[in-house]
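Per-entry structural report
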Amino acid sequence: MAARPARSPGPFSRGLTAAVLMVASLAACHDSDSRPDDGGFSAQDSIATATEVRASLEGGTAPGKQSYMYRGLYAGMTRPALEGRMTPSAADSVGGCQRSTAKDGGTTCTYDTVLGTDSARVAVSATYVSDARSGSSVAREITIVRQLPIDVDGVRVVQELADAFAAQTTLLDHRESTYGHHSATVRMGTIKGERENYATVVVAEKHGREELTVTLTRAAALAPAPRAAPQKKKGK
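Keep in mind that what you see is a predicted model, and the values were worked out from it rather than measured.

Here we come to the state of the cysteines. Enumeration according to the criterion identifies one disulfide in this entry. Linked covalently through their sulfurs, Cys97 and Cys109 form a disulfide whose S-S length is 2.0 Å. With the S-S dihedral at roughly 115°, the linkage between Cys97 and Cys109 falls on the right-handed side. Of the two residues, Cys97 is situated in strand β3 (residues 94-99) and Cys109 in strand β4 (residues 107-115); the sequence distance between them amounts to 12 residues.

Written as structure tokens, this is what we have:
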């Protein structure tokens, strides 16, 4: 008995198959091209972000938990200690120094260098003032600018750094934060007189890349002004 030829699918079956394929195709495009609004991201992005945060926090802790530390730098460290953290040497990377316009004076120096175990390239600006206790030049304010790798989630980096900073110092009485798409700002620290100590962590999109800026500030004990010699009374 001869086999009957297979029947070709009818119009309804062909339409249903096409609809299923179209839905599957749209779902695949959605999964690969968009990221959930809850901040989830791919495993590769997660690993890159975790690596960035880990490298950002390596380098020890500031003495006495009195300052925040980022890539081994903290406000209150001496100039030789700060420049000793840099690779290549600060002599090769220093971009120039000039008198600071801040009310307490000091000198501001800029550097283009690498920091951390991952040899991340950064731009550093440090303002040095004379410290009365140590008798040496210390960094009152340090700003580090880092262009993040493409697969690093900058907003997540800001969140992780802010949480880590909160655990680094005993001087914390204020914290405020704002978050947006490819942008975040966290300001934290204390402003109690001579114990002034704070950090600002910002990520913003620049030229299609996320750029991280970390500013570390601590009030330094300034060298006392020289005392004027007592004036002699007239007639003596």
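There's plenty left to go through after this.
On to the pairing of strand β6 (residues 137-147). Bridge count for strand β5 (residues 120-130) against β6 is eight bridges, and the pairing is antiparallel. Across the sheet, Thr127 pairs through a bridge with Glu141, a residue of β6.

Here helix α5 (residues 154-168) spans 21 Å end to end across 15 residues, near enough to the 21 Å set by a 1.5 Å rise per residue. For α5, every residue scored as buried is listed here: Gly154, Val155, Val157, Val158, Leu161, Ala162, Ala164, Phe165 and Gln168. At the N-terminal boundary of α5, the capping side chain belongs to Asp153, with an oxygen 3.2 Å from the backbone nitrogen of Val155.

The next thing to look at is unusual backbone geometry. Look at Ser119: it is not a glycine, yet its phi comes out positive at around 50°. With respect to the secondary-structure elements, Ser119 resides in the loop between β4 and β5. The exposure class of Ser119 is partly exposed, given its relative accessible area of 48%. The phi dihedral of His182 falls on the positive side, at around 60°, and the residue is not glycine. The residue His182 is located in the loop between β7 (174-180) and β8 (183-190) in this model.

So, about the pattern of salt bridges. Per the stated rule, a full pass over the model turns up eight salt bridges. Measuring nitrogen to oxygen at the nearest pair gives 3.1 Å for the salt bridge that ties Glu52 to Arg71. One end of the pair, Glu52, is in helix α2 (residues 43-57); the other, Arg71, is in the loop between β1 (69-70) and β2 (73-74), with 19 residues separating them in the sequence. By relative accessible area, Glu52 is classed as buried at 4%. You can call Arg71 buried: its relative accessible area is 3%. Among the ionic pairs, Arg121 bridges to Asp112, the shortest N-O distance being 3.2 Å.

Conventions and cut-offs
- Sequence order sets the numbering: in each chain, residues are counted from 1 along the sequence as written.
- Totals for whole chains, interfaces and linings use all residues, but because this is a predicted model, local features are given only for residues with pLDDT of at least 70 and pairs of side-chain atoms are given and counted only at 80 or more.
- With hydrogens and water excluded, all non-hydrogen atoms of the structure serve as input to the side-chain values.
- Disulfide: a pair of cysteine sulfur atoms within 2.5 Å of each other.
- Helix numbering and strand numbering both begin at the N terminus, where a helix is a DSSP run of H or I of at least 4 residues and a strand a DSSP run of E of at least 2.
- Strand pairing is assigned whenever DSSP detects at least two bridges linking the two strands.
- Each helix should span, by expectation, one fewer than its residue count multiplied by 1.5 Å.
- Throughout this description, buried means an accessible area under 20% of the type-specific maximum (1.4 Å probe, protein chains only), exposed means over 50%, and partly exposed covers the range between.
- Distance and chemistry together define a polar contact, namely a pair of N or O atoms within 3.5 Å, with one atom able to donate a hydrogen and the other to accept it when in protein, and with adjacent residues in sequence counting only for side-chain atoms on both sides.
- The salt bridge criterion pairs a side-chain nitrogen of Lys or Arg with a carboxyl oxygen of Asp or Glu, the two atoms within 4 Å.

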